[in-house]
Amino acid sequence: MSSEKLSVKQARLPECIGKTIKIEGWVRTRRDSKAGFSFLEINDGSCLSNLQIIADANLANYESQIKTLNTGASVAVEGLMKESGGKGQATELVAKSVVVYGEADPETYPLQKKRHSFEKLREWAHLRSRTNTFGAVARVRNCICNSIHQFFQEQEFLYVHTPIITASDCEGAGAMFQVTTLDLDKIAEKEIKYLDFKQDFFQRRAYLTVSGQLEGETYACALGKIYTFGPTFRAEKSNTTRHLAEFWMIEPEMAFYELEDNMDLAEAFIKRIAKDAITLCPEDMQLFNEHVEPGLIEALQKVVDSQFVRLPYTEAVEILTGCGQKFEYEVKWGSDLQSEHERYLTEQHFKSPVILYNYPRKIKPFYMYCNDDEKTVRGMDVLVPRVGEIIGGSQREHRLEVLEARMAEQGIPAEDYWWYSDLRRFGTVPHAGFGLGLERAVQFITGMTNIRDVIPFPRFPGNVEF
Ligand code: ATP
Ligand code: MN
(Lines give C-alpha, C1' and ligand atoms only; values in the text may rest on other atoms or scores of the structure.)
(Ligands and ions follow the chains in the order given, each with its own letter.)
Protein backbone atom coordinates (compact mmCIF):
# COMPACT_ATOMS: atom_id res chain seq x y z
CA MET A 1 0.00 0.00 0.00
CA SER A 2 1.50 3.32 -0.98
CA SER A 3 -0.42 6.16 0.51
CA GLU A 4 -0.36 9.84 -0.35
CA LYS A 5 1.42 12.01 2.19
CA LEU A 6 -0.79 14.92 3.23
CA SER A 7 -0.57 17.76 5.70
CA VAL A 8 -3.22 18.05 8.39
CA LYS A 9 -4.51 21.13 6.58
CA GLN A 10 -5.02 19.14 3.39
CA ALA A 11 -6.43 16.10 5.18
CA ARG A 12 -9.12 18.21 6.85
CA LEU A 13 -10.67 19.01 3.47
CA PRO A 14 -13.75 16.94 2.53
CA GLU A 15 -12.27 16.04 -0.87
CA CYS A 16 -9.88 13.67 0.90
CA ILE A 17 -12.69 11.35 1.98
CA GLY A 18 -12.14 7.88 0.57
CA LYS A 19 -8.40 8.29 0.05
CA THR A 20 -5.70 6.25 1.70
CA ILE A 21 -3.24 8.73 3.15
CA LYS A 22 -0.32 9.23 5.50
CA ILE A 23 0.15 12.08 7.91
CA GLU A 24 2.98 12.85 10.32
CA GLY A 25 2.88 15.11 13.33
CA TRP A 26 2.65 15.48 17.08
CA VAL A 27 -0.02 14.18 19.42
CA ARG A 28 -1.99 16.93 21.10
CA THR A 29 -4.41 14.70 23.01
CA ARG A 30 -5.40 11.08 23.36
CA ARG A 31 -8.79 9.87 24.59
CA ASP A 32 -9.57 6.20 25.05
CA SER A 33 -13.08 4.98 24.38
CA LYS A 34 -14.56 2.08 26.29
CA ALA A 35 -15.76 0.74 22.93
CA GLY A 36 -12.25 -0.49 22.13
CA PHE A 37 -10.45 2.32 20.33
CA SER A 38 -8.67 5.61 20.99
CA PHE A 39 -8.99 9.09 19.53
CA LEU A 40 -5.74 10.90 18.77
CA GLU A 41 -5.62 14.57 17.89
CA ILE A 42 -2.63 15.21 15.64
CA ASN A 43 -1.14 18.59 14.79
CA ASP A 44 1.64 19.16 12.27
CA GLY A 45 1.76 22.97 12.22
CA SER A 46 0.16 23.27 8.79
CA CYS A 47 -2.89 24.84 10.42
CA LEU A 48 -4.31 25.60 13.83
CA SER A 49 -6.69 22.63 13.82
CA ASN A 50 -5.81 19.03 14.48
CA LEU A 51 -6.69 15.90 12.55
CA GLN A 52 -8.70 13.33 14.46
CA ILE A 53 -7.38 9.78 14.26
CA ILE A 54 -9.35 6.69 15.17
CA ALA A 55 -6.94 4.03 16.40
CA ASP A 56 -8.62 0.67 16.89
CA ALA A 57 -7.64 -1.77 19.64
CA ASN A 58 -6.90 -4.35 16.92
CA LEU A 59 -3.78 -2.43 15.81
CA ALA A 60 -0.68 -4.51 16.58
CA ASN A 61 0.94 -1.88 18.83
CA TYR A 62 -2.31 -0.66 20.42
CA GLU A 63 -1.63 -1.89 23.96
CA SER A 64 2.14 -1.50 23.86
CA GLN A 65 2.39 1.99 22.32
CA ILE A 66 -0.79 3.74 21.21
CA LYS A 67 -2.60 3.48 24.52
CA THR A 68 0.25 5.20 26.28
CA LEU A 69 0.82 8.02 23.76
CA ASN A 70 1.10 11.37 25.48
CA THR A 71 0.91 15.01 24.48
CA GLY A 72 4.00 15.88 22.46
CA ALA A 73 4.75 12.39 21.10
CA SER A 74 5.52 12.20 17.37
CA VAL A 75 3.81 9.73 15.05
CA ALA A 76 3.18 8.69 11.48
CA VAL A 77 -0.32 7.46 10.74
CA GLU A 78 -1.54 5.71 7.62
CA GLY A 79 -5.13 4.86 6.96
CA LEU A 80 -8.40 5.69 5.28
CA MET A 81 -9.98 9.15 5.34
CA LYS A 82 -13.62 9.07 6.36
CA GLU A 83 -16.36 11.60 6.83
CA SER A 84 -16.45 12.63 10.48
CA GLY A 85 -19.63 12.67 12.51
CA GLY A 86 -17.92 14.82 15.14
CA LYS A 87 -18.23 18.55 15.60
CA GLY A 88 -15.60 20.96 14.23
CA GLN A 89 -14.22 18.68 11.53
CA ALA A 90 -15.32 17.30 8.17
CA THR A 91 -12.93 14.37 8.12
CA GLU A 92 -11.17 11.85 10.31
CA LEU A 93 -8.50 9.28 9.67
CA VAL A 94 -9.12 5.61 10.49
CA ALA A 95 -5.64 4.27 11.22
CA LYS A 96 -4.29 1.13 9.57
CA SER A 97 -0.93 1.73 11.22
CA VAL A 98 0.50 4.10 13.79
CA VAL A 99 4.28 4.37 13.92
CA VAL A 100 5.68 6.12 16.98
CA TYR A 101 8.81 8.17 16.22
CA GLY A 102 9.37 9.51 19.69
CA GLU A 103 7.57 9.60 22.99
CA ALA A 104 7.24 12.63 25.28
CA ASP A 105 7.40 11.86 28.96
CA PRO A 106 4.53 13.65 30.71
CA GLU A 107 6.67 13.99 33.85
CA THR A 108 9.22 16.15 32.05
CA TYR A 109 7.62 17.51 28.85
CA PRO A 110 6.76 21.14 29.74
CA LEU A 111 3.82 21.65 27.41
CA GLN A 112 1.05 19.80 29.11
CA LYS A 113 -2.59 20.59 28.45
CA LYS A 114 -2.65 23.27 31.13
CA ARG A 115 -2.26 26.82 29.80
CA HIS A 116 1.06 28.56 30.36
CA SER A 117 1.63 32.31 30.46
CA PHE A 118 3.51 33.92 27.56
CA GLU A 119 6.25 34.84 30.07
CA LYS A 120 6.71 31.21 31.04
CA LEU A 121 6.68 30.08 27.41
CA ARG A 122 9.52 32.52 26.62
CA GLU A 123 11.75 30.28 28.75
CA TRP A 124 10.87 27.43 26.38
CA ALA A 125 11.30 29.29 23.13
CA HIS A 126 12.50 26.05 21.53
CA LEU A 127 9.17 24.38 22.29
CA ARG A 128 6.62 27.21 22.32
CA SER A 129 6.15 26.92 18.55
CA ARG A 130 4.21 23.73 19.37
CA THR A 131 1.47 25.71 21.09
CA ASN A 132 -1.62 27.05 19.32
CA THR A 133 -0.76 30.72 19.84
CA PHE A 134 2.86 30.53 18.73
CA GLY A 135 1.98 28.34 15.77
CA ALA A 136 -0.57 30.97 14.75
CA VAL A 137 1.99 33.79 15.20
CA ALA A 138 4.46 31.90 12.98
CA ARG A 139 1.88 31.39 10.24
CA VAL A 140 0.64 34.99 10.32
CA ARG A 141 4.21 36.30 10.34
CA ASN A 142 4.89 34.17 7.27
CA CYS A 143 1.76 35.53 5.59
CA ILE A 144 2.83 39.12 6.34
CA CYS A 145 6.30 38.52 4.86
CA ASN A 146 4.76 37.05 1.74
CA SER A 147 2.36 40.01 1.40
CA ILE A 148 5.24 42.43 1.76
CA HIS A 149 7.18 40.88 -1.11
CA GLN A 150 4.05 40.64 -3.26
CA PHE A 151 3.02 44.22 -2.55
CA PHE A 152 6.37 45.55 -3.75
CA GLN A 153 6.95 43.07 -6.55
CA GLU A 154 3.52 43.81 -8.06
CA GLN A 155 4.57 47.46 -8.27
CA GLU A 156 7.96 46.68 -9.81
CA PHE A 157 10.10 47.43 -6.79
CA LEU A 158 13.47 45.66 -6.78
CA TYR A 159 14.42 43.64 -3.71
CA VAL A 160 17.92 44.84 -2.77
CA HIS A 161 20.23 43.39 -0.11
CA THR A 162 22.01 46.06 1.86
CA PRO A 163 24.97 45.13 4.07
CA ILE A 164 24.61 43.86 7.61
CA ILE A 165 28.08 44.96 8.65
CA THR A 166 28.61 48.64 8.03
CA ALA A 167 30.80 51.60 8.95
CA SER A 168 28.06 54.21 8.64
CA ASP A 169 25.71 54.73 11.52
CA CYS A 170 22.58 56.15 9.84
CA GLU A 171 22.80 59.04 12.27
CA GLY A 172 20.53 58.92 15.24
CA ALA A 173 18.80 55.65 14.50
CA GLY A 174 19.99 54.04 17.71
CA ALA A 175 22.91 52.61 19.63
CA MET A 176 25.03 50.21 17.60
CA PHE A 177 26.68 46.85 18.23
CA GLN A 178 30.34 47.01 17.36
CA VAL A 179 31.82 44.24 15.21
CA THR A 180 35.43 43.37 15.95
CA THR A 181 37.89 40.51 15.73
CA LEU A 182 40.26 42.15 18.19
CA ASP A 183 41.09 39.82 21.06
CA LEU A 184 39.32 41.46 23.97
CA ASP A 185 40.84 39.15 26.59
CA LYS A 186 44.34 39.92 25.40
CA ILE A 187 43.61 43.64 25.36
CA ALA A 188 42.35 43.45 28.94
CA GLU A 189 45.40 41.45 29.98
CA LYS A 190 47.79 43.99 28.51
CA GLU A 191 45.71 46.86 29.90
CA ILE A 192 45.82 48.62 26.53
CA LYS A 193 44.06 51.97 26.86
CA TYR A 194 43.78 53.08 23.25
CA LEU A 195 42.81 50.60 20.60
CA ASP A 196 44.31 50.73 17.15
CA PHE A 197 41.46 49.86 14.83
CA LYS A 198 43.94 49.61 11.96
CA GLN A 199 44.66 46.20 13.53
CA ASP A 200 40.99 45.24 13.41
CA PHE A 201 39.43 43.12 10.66
CA PHE A 202 38.15 46.04 8.57
CA GLN A 203 41.02 48.34 9.62
CA ARG A 204 38.47 50.72 11.06
CA ARG A 205 35.49 50.61 13.39
CA ALA A 206 32.58 48.56 12.07
CA TYR A 207 29.07 47.91 13.35
CA LEU A 208 25.94 45.84 12.80
CA THR A 209 23.54 47.89 10.72
CA VAL A 210 20.75 49.93 12.32
CA SER A 211 19.16 50.64 8.94
CA GLY A 212 19.85 49.94 5.28
CA GLN A 213 18.49 53.31 4.23
CA LEU A 214 21.66 55.07 3.14
CA GLU A 215 22.79 52.17 0.99
CA GLY A 216 19.20 51.71 -0.20
CA GLU A 217 19.21 55.29 -1.47
CA THR A 218 22.15 54.53 -3.75
CA TYR A 219 20.12 51.81 -5.49
CA ALA A 220 16.93 53.89 -5.66
CA CYS A 221 18.97 56.67 -7.26
CA ALA A 222 19.86 54.30 -10.08
CA LEU A 223 17.04 51.79 -10.35
CA GLY A 224 14.00 53.80 -9.29
CA LYS A 225 12.03 51.85 -6.71
CA ILE A 226 13.70 49.39 -4.36
CA TYR A 227 13.08 47.78 -1.01
CA THR A 228 15.22 45.99 1.51
CA PHE A 229 13.99 43.33 3.91
CA GLY A 230 16.56 42.16 6.38
CA PRO A 231 17.82 41.96 9.94
CA THR A 232 18.56 45.17 11.84
CA PHE A 233 20.32 45.62 15.16
CA ARG A 234 19.99 48.20 17.89
CA ALA A 235 21.75 48.06 21.22
CA GLU A 236 18.73 49.54 22.97
CA LYS A 237 19.04 49.21 26.70
CA SER A 238 15.34 49.89 27.04
CA ASN A 239 13.31 46.94 28.26
CA THR A 240 10.00 47.66 26.56
CA THR A 241 7.31 45.60 24.91
CA ARG A 242 8.12 47.27 21.55
CA HIS A 243 11.91 47.08 21.27
CA LEU A 244 14.21 44.23 20.32
CA ALA A 245 17.97 44.24 19.92
CA GLU A 246 17.59 42.25 16.68
CA PHE A 247 14.58 42.82 14.46
CA TRP A 248 13.60 42.74 10.81
CA MET A 249 12.99 45.87 8.84
CA ILE A 250 11.48 46.57 5.44
CA GLU A 251 12.79 49.74 3.86
CA PRO A 252 11.39 50.90 0.53
CA GLU A 253 13.19 53.79 -1.14
CA MET A 254 11.82 55.54 -4.22
CA ALA A 255 13.33 57.99 -6.66
CA PHE A 256 10.98 60.77 -7.80
CA TYR A 257 8.79 60.42 -4.70
CA GLU A 258 7.98 63.32 -2.42
CA LEU A 259 6.56 63.19 1.10
CA GLU A 260 2.93 62.84 -0.05
CA ASP A 261 3.79 59.91 -2.34
CA ASN A 262 5.66 58.34 0.55
CA MET A 263 2.59 58.63 2.80
CA ASP A 264 0.34 57.15 0.11
CA LEU A 265 2.65 54.18 -0.24
CA ALA A 266 2.95 53.62 3.52
CA GLU A 267 -0.82 53.73 3.94
CA ALA A 268 -1.50 51.30 1.07
CA PHE A 269 1.24 49.03 2.41
CA ILE A 270 -0.24 48.69 5.91
CA LYS A 271 -3.72 48.18 4.53
CA ARG A 272 -2.49 45.42 2.24
CA ILE A 273 -0.77 43.54 5.06
CA ALA A 274 -3.88 43.74 7.25
CA LYS A 275 -6.25 42.72 4.47
CA ASP A 276 -4.15 39.71 3.48
CA ALA A 277 -3.88 38.48 7.07
CA ILE A 278 -7.65 38.67 7.50
CA THR A 279 -8.45 36.92 4.23
CA LEU A 280 -5.57 34.42 4.03
CA CYS A 281 -5.27 33.40 7.71
CA PRO A 282 -8.90 33.38 8.90
CA GLU A 283 -8.49 30.53 11.37
CA ASP A 284 -5.39 31.95 13.07
CA MET A 285 -6.82 35.47 13.10
CA GLN A 286 -9.94 34.10 14.80
CA LEU A 287 -7.75 32.70 17.56
CA PHE A 288 -6.19 36.13 18.18
CA ASN A 289 -9.62 37.72 18.01
CA GLU A 290 -11.01 35.36 20.65
CA HIS A 291 -8.09 34.79 22.98
CA VAL A 292 -5.61 37.64 22.60
CA GLU A 293 -7.27 40.90 21.54
CA PRO A 294 -11.09 40.96 21.50
CA GLY A 295 -12.42 42.97 18.55
CA LEU A 296 -9.15 42.65 16.64
CA ILE A 297 -10.53 41.62 13.26
CA GLU A 298 -13.17 44.32 13.23
CA ALA A 299 -10.60 46.95 14.19
CA LEU A 300 -8.23 45.81 11.44
CA GLN A 301 -11.05 45.78 8.90
CA LYS A 302 -11.74 49.40 9.86
CA VAL A 303 -8.09 50.25 9.26
CA VAL A 304 -8.33 48.65 5.82
CA ASP A 305 -11.51 50.57 4.93
CA SER A 306 -10.77 54.00 6.36
CA GLN A 307 -8.38 56.81 5.51
CA PHE A 308 -5.42 57.44 7.78
CA VAL A 309 -5.34 60.83 9.50
CA ARG A 310 -2.46 63.01 8.26
CA LEU A 311 -1.38 65.57 10.79
CA PRO A 312 1.53 68.03 10.90
CA TYR A 313 3.65 67.75 14.05
CA THR A 314 2.76 71.34 15.00
CA GLU A 315 -0.95 70.53 15.04
CA ALA A 316 -0.27 67.38 17.05
CA VAL A 317 1.46 69.49 19.68
CA GLU A 318 -1.56 71.81 19.78
CA ILE A 319 -3.92 68.87 20.28
CA LEU A 320 -1.74 67.35 23.00
CA THR A 321 -1.24 70.56 24.96
CA GLY A 322 -4.93 71.47 24.71
CA CYS A 323 -6.52 68.12 25.45
CA GLY A 324 -6.43 68.25 29.24
CA GLN A 325 -4.83 64.80 29.45
CA LYS A 326 -2.06 64.33 32.08
CA PHE A 327 1.13 62.94 30.55
CA GLU A 328 4.26 61.78 32.28
CA TYR A 329 6.38 63.84 29.88
CA GLU A 330 5.49 67.41 29.03
CA VAL A 331 4.72 68.24 25.39
CA LYS A 332 6.39 71.28 23.89
CA TRP A 333 7.06 72.28 20.32
CA GLY A 334 10.55 71.17 19.46
CA SER A 335 10.79 68.07 21.61
CA ASP A 336 10.27 64.51 20.46
CA LEU A 337 6.88 62.98 21.16
CA GLN A 338 6.92 60.12 23.63
CA SER A 339 5.09 56.90 23.06
CA GLU A 340 2.35 58.00 25.52
CA HIS A 341 1.66 61.05 23.30
CA GLU A 342 1.66 59.03 20.11
CA ARG A 343 -0.71 56.50 21.59
CA TYR A 344 -3.05 59.19 22.86
CA LEU A 345 -3.35 60.59 19.35
CA THR A 346 -3.98 57.30 17.61
CA GLU A 347 -5.95 55.46 20.32
CA GLN A 348 -8.00 58.17 21.96
CA HIS A 349 -8.10 61.34 19.93
CA PHE A 350 -8.47 60.01 16.39
CA LYS A 351 -9.09 56.29 17.03
CA SER A 352 -7.40 55.67 13.72
CA PRO A 353 -3.90 55.31 12.29
CA VAL A 354 -2.22 58.71 12.14
CA ILE A 355 0.62 59.88 9.91
CA LEU A 356 2.50 62.66 11.68
CA TYR A 357 4.75 64.77 9.46
CA ASN A 358 6.86 67.93 9.26
CA TYR A 359 8.88 67.46 12.42
CA PRO A 360 11.22 70.05 13.97
CA ARG A 361 14.55 69.82 12.17
CA LYS A 362 16.52 69.87 15.43
CA ILE A 363 15.24 66.44 16.50
CA LYS A 364 15.54 64.72 13.13
CA PRO A 365 18.54 63.34 11.24
CA PHE A 366 20.53 65.28 8.66
CA TYR A 367 19.17 63.41 5.66
CA MET A 368 15.56 64.63 5.95
CA TYR A 369 14.42 67.27 3.45
CA CYS A 370 14.33 70.80 4.91
CA ASN A 371 11.11 72.74 4.47
CA ASP A 372 11.16 76.40 3.44
CA ASP A 373 10.04 77.47 6.91
CA GLU A 374 13.63 76.59 8.02
CA LYS A 375 12.16 75.00 11.14
CA THR A 376 10.80 71.68 9.98
CA VAL A 377 11.82 68.70 7.89
CA ARG A 378 9.75 66.35 5.77
CA GLY A 379 9.86 63.42 8.14
CA MET A 380 6.87 61.21 8.84
CA ASP A 381 5.89 58.58 11.40
CA VAL A 382 2.94 56.25 11.03
CA LEU A 383 1.26 55.58 14.38
CA VAL A 384 -1.24 52.80 14.95
CA PRO A 385 -3.40 51.89 17.94
CA ARG A 386 -1.87 49.44 20.49
CA VAL A 387 1.62 49.67 18.99
CA GLY A 388 2.37 53.36 18.48
CA GLU A 389 5.07 54.05 15.89
CA ILE A 390 5.14 51.34 13.26
CA ILE A 391 6.81 53.24 10.41
CA GLY A 392 9.38 56.04 10.32
CA GLY A 393 10.35 57.72 7.09
CA SER A 394 11.00 60.92 5.19
CA GLN A 395 11.57 62.68 1.95
CA ARG A 396 15.36 62.82 1.65
CA GLU A 397 17.41 65.98 1.28
CA HIS A 398 18.62 65.87 -2.31
CA ARG A 399 20.17 69.37 -2.51
CA LEU A 400 23.91 69.06 -1.91
CA GLU A 401 24.42 72.46 -0.24
CA VAL A 402 21.51 71.94 2.13
CA LEU A 403 22.70 68.43 2.98
CA GLU A 404 26.22 69.65 3.71
CA ALA A 405 24.91 72.50 5.83
CA ARG A 406 22.81 70.04 7.81
CA MET A 407 25.78 67.77 8.41
CA ALA A 408 27.75 70.73 9.68
CA GLU A 409 24.83 71.81 11.87
CA GLN A 410 24.70 68.36 13.47
CA GLY A 411 28.47 67.92 13.73
CA ILE A 412 28.61 65.02 11.31
CA PRO A 413 31.92 64.53 9.47
CA ALA A 414 30.98 65.03 5.82
CA GLU A 415 33.99 63.02 4.63
CA ASP A 416 32.54 59.85 6.17
CA TYR A 417 29.51 60.29 3.93
CA TRP A 418 31.34 61.15 0.70
CA TRP A 419 29.56 58.42 -1.22
CA TYR A 420 26.16 59.49 0.13
CA SER A 421 26.84 63.08 -0.94
CA ASP A 422 27.92 61.84 -4.38
CA LEU A 423 24.27 60.89 -5.05
CA ARG A 424 23.54 64.64 -4.76
CA ARG A 425 26.63 65.59 -6.76
CA PHE A 426 25.73 63.51 -9.80
CA GLY A 427 22.21 63.50 -11.19
CA THR A 428 20.43 64.21 -7.92
CA VAL A 429 16.67 63.59 -7.77
CA PRO A 430 13.92 64.05 -5.20
CA HIS A 431 13.42 60.77 -3.38
CA ALA A 432 11.81 59.35 -0.28
CA GLY A 433 11.47 56.18 1.73
CA PHE A 434 10.52 54.64 5.05
CA GLY A 435 11.19 51.76 7.40
CA LEU A 436 8.59 49.36 8.76
CA GLY A 437 9.56 47.20 11.71
CA LEU A 438 8.32 43.71 10.85
CA GLU A 439 7.74 42.71 14.46
CA ARG A 440 5.72 45.84 15.17
CA ALA A 441 3.59 44.95 12.14
CA VAL A 442 3.12 41.41 13.48
CA GLN A 443 2.11 42.87 16.86
CA PHE A 444 -0.39 45.14 15.18
CA ILE A 445 -1.94 42.35 13.11
CA THR A 446 -2.04 39.66 15.81
CA GLY A 447 -2.79 41.81 18.86
CA MET A 448 0.13 40.22 20.74
CA THR A 449 1.20 42.74 23.36
CA ASN A 450 4.87 41.85 23.76
CA ILE A 451 7.25 42.10 20.81
CA ARG A 452 9.26 39.22 22.32
CA ASP A 453 6.39 36.91 21.44
CA VAL A 454 6.22 37.69 17.72
CA ILE A 455 9.80 36.73 16.76
CA PRO A 456 10.95 33.12 17.23
CA PHE A 457 14.04 33.86 19.33
CA PRO A 458 13.95 37.37 20.79
CA ARG A 459 17.18 39.17 21.58
CA PHE A 460 17.03 41.81 24.31
CA PRO A 461 19.31 42.99 27.12
CA GLY A 462 20.59 39.96 29.02
CA ASN A 463 18.99 37.43 26.70
CA VAL A 464 20.66 35.57 23.88
CA GLU A 465 19.62 32.01 24.79
CA PHE A 466 18.82 29.57 21.96
P1 ATP B 1 11.09 54.12 18.48
O2 ATP B 1 10.96 55.60 18.60
O3 ATP B 1 9.81 53.37 18.59
O4 ATP B 1 12.20 53.55 19.33
P5 ATP B 1 12.65 54.72 16.18
O6 ATP B 1 12.10 56.05 15.86
O7 ATP B 1 13.96 54.58 16.85
O8 ATP B 1 11.57 53.84 16.97
P9 ATP B 1 13.19 54.24 13.37
O10 ATP B 1 14.64 54.51 13.44
O11 ATP B 1 12.29 55.24 12.80
O12 ATP B 1 12.68 53.83 14.85
O13 ATP B 1 13.00 52.79 12.68
C14 ATP B 1 11.95 52.49 11.78
C15 ATP B 1 11.02 51.44 12.34
O16 ATP B 1 11.72 50.31 12.83
C17 ATP B 1 10.21 51.90 13.51
O18 ATP B 1 9.11 52.65 13.09
C19 ATP B 1 9.82 50.61 14.17
O20 ATP B 1 8.73 50.00 13.47
C21 ATP B 1 11.02 49.74 13.93
N22 ATP B 1 11.91 49.69 15.10
C23 ATP B 1 12.81 50.63 15.50
N24 ATP B 1 13.50 50.24 16.57
C25 ATP B 1 13.05 49.00 16.86
C26 ATP B 1 13.40 48.04 17.87
N27 ATP B 1 14.36 48.28 18.75
N28 ATP B 1 12.76 46.86 17.86
C29 ATP B 1 11.80 46.60 16.95
N30 ATP B 1 11.42 47.46 15.99
C31 ATP B 1 12.05 48.64 15.93
MN1 MN C 1 11.16 56.69 14.05
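Please refer to the structure placed before this passage.
*Asks:* Even after reading the chapter, I still don't get the overall build of the protein chain, so can you show me in this structure?
*Replies:* Along its length, the protein chain carries 13 helices and 17 strands. Along the first, second and third principal axes, the C-alpha set of the protein chain runs to 85 × 60 × 45 Å. Here the protein chain holds 466 residues, and the buried ones make up 51% of them. In the protein chain, the proportion of contacts linking residues at least 24 apart, taken out of those at least 6 apart, comes to 67%. Of the charged side chains in the protein chain, 55 are positive and 67 negative; the average position of the first set lies 4 Å away from that of the second.

*Asks:* Explain the packing of helix α3 (residues 132–154) against helix α13 (residues 438–446) to me, please; I cannot follow it from the model alone.
*Replies:* The axes of two packed helices give the description: the angle between them and the distance between them. Contact geometry for α3 and α13: axes closest at 10 Å, N-to-C directions at 120 degrees. The orientation of α3 with respect to α13, classified from their angle, is oblique. The two elements α3 and α13 cross, and the hand of that crossing is right-handed. Here V137, V140, R141, I144, C145 and I148 of α3 lie close against α13, whose contacting residues are L438, E439, A441, V442, I445 and T446. Taken together, the residues that form the contact of α3 with α13 break down as nine nonpolar, one polar and two charged.

*Asks:* It is not clear to me how a nonpolar patch on the surface should be interpreted in this structure. Could you clarify?
*Replies:* On the surface, I164, I165, F201 and F202 cluster together to form a nonpolar patch covering roughly 380 Å² of accessible area. Position of I165 relative to the elements: it lies in strand β8 (residues 165–166). I165 gets classed as partly exposed once you look at its relative accessible area, which sits at 39%.

*Asks:* Honestly, the sheet that holds strand β16 (residues 388–395) in this entry has me stumped. Any pointers?
*Replies:* Through backbone hydrogen bonds, the strands of a sheet pair up, either in parallel or in antiparallel fashion. The strand order across the open sheet formed by eight strands is β7-β11-β12-β17-β16-β15-β14-β13, and the pairing between neighbours is mixed. Two strands in the sheet have a free side with no partner beyond their single neighbour: β7 (158–159) and β13 (309–312). Here β7 runs beside strand β11 (residues 225–233); their pairing, made up of two bridges, is parallel. Across the sheet, the residue bridging to Y159 is Y227, located in β11. Against the sheet, helix α10 (residues 339–349) contacts β14 (354–360), β15 (376–384) and β16, and its axis sits at roughly 60 degrees relative to β15.

*Asks:* Mind showing me how you'd approach the site of ligand 1 here?
*Replies:* Surrounding ligand 1, one finds 16 residues, the nearest of these being R234, H243, E389, I390 and R440. Between an oxygen atom of ligand 1 and a side-chain N or O atom of R234, the distance comes to 2.9 Å. One of the side-chain nitrogen or oxygen atoms of H243 is found 2.6 Å away from an oxygen atom of ligand 1. For ligand 1, whose accessible area on its own is 590 Å², the fraction buried by protein is 81%. Only β12 (246–255), β16 and β17 (431–437) provide two or more residues apiece to the shell around ligand 1. Residues that form the shell around ligand 1 fall into these classes: seven nonpolar, four polar and five charged.

*Asks:* Just to check I follow, could you spell out the sheet that holds β8 for this structure?
*Replies:* Strand order in the open sheet formed by three strands is β8-β10-β9, and the pairing between neighbours is antiparallel. Strand pairing shows two members of the sheet lacking a second neighbour, β8 and β9 (178–179), which therefore form its edges. Judged from the two bridges that link them, β9 and strand β10 (residues 206–208) form a sheet pairing that is antiparallel. In the sheet register, Q178 faces β10, and the bridge partner there is Y207.

Reading the values: the criteria
- Residues numbered from 1 in each chain as written.
- Chains lettered and ligands numbered in written order.
- Predicted model: local features only at pLDDT ≥ 70, side-chain atom pairs only at ≥ 80, totals over all residues.
- Heavy atoms only, no water.
- Helix = DSSP H or I, 4+ residues; strand = E, 2+ residues; numbered from the N terminus.
- Buried < 20%, exposed > 50% of the residue type's maximum accessible area, 1.4 Å probe, protein only.
- Contact = heavy atoms within 4.5 Å.
- Lys, Arg positive; Asp, Glu negative; His and termini not counted.
- Charge placed at Lys NZ, Arg CZ, Asp CG, Glu CD.
- Axes fitted to C-alpha atoms, helices over the stretch in contact; angles between N-to-C directions.
- Parallel < 35°, antiparallel > 145°, perpendicular 65-115°, else oblique.
- Left-handed = near helix turned anticlockwise from the far one by under 90°.
- Nonpolar A, V, L, I, M, F, W, Y, C, P; charged D, E, K, R; others polar.
- Patch = residues over 30% accessible without salt bridge, like charges linked within 9 Å, V, L, I, M, F, W, Y side chains within 5 Å.
- Areas by Shrake-Rupley, 256 points an atom, 1.4 Å probe, with all protein chains shown as cover.
- Salt bridge = Lys/Arg side-chain N within 4 Å of Asp/Glu carboxyl O.
- Pairing = 2+ DSSP bridges.
- Near = heavy atom within 4 Å.
- Polar contact = N/O pair within 3.5 Å; in protein donor to acceptor, adjacent residues only side chain to side chain.

Keep in mind these values describe shape, not function.
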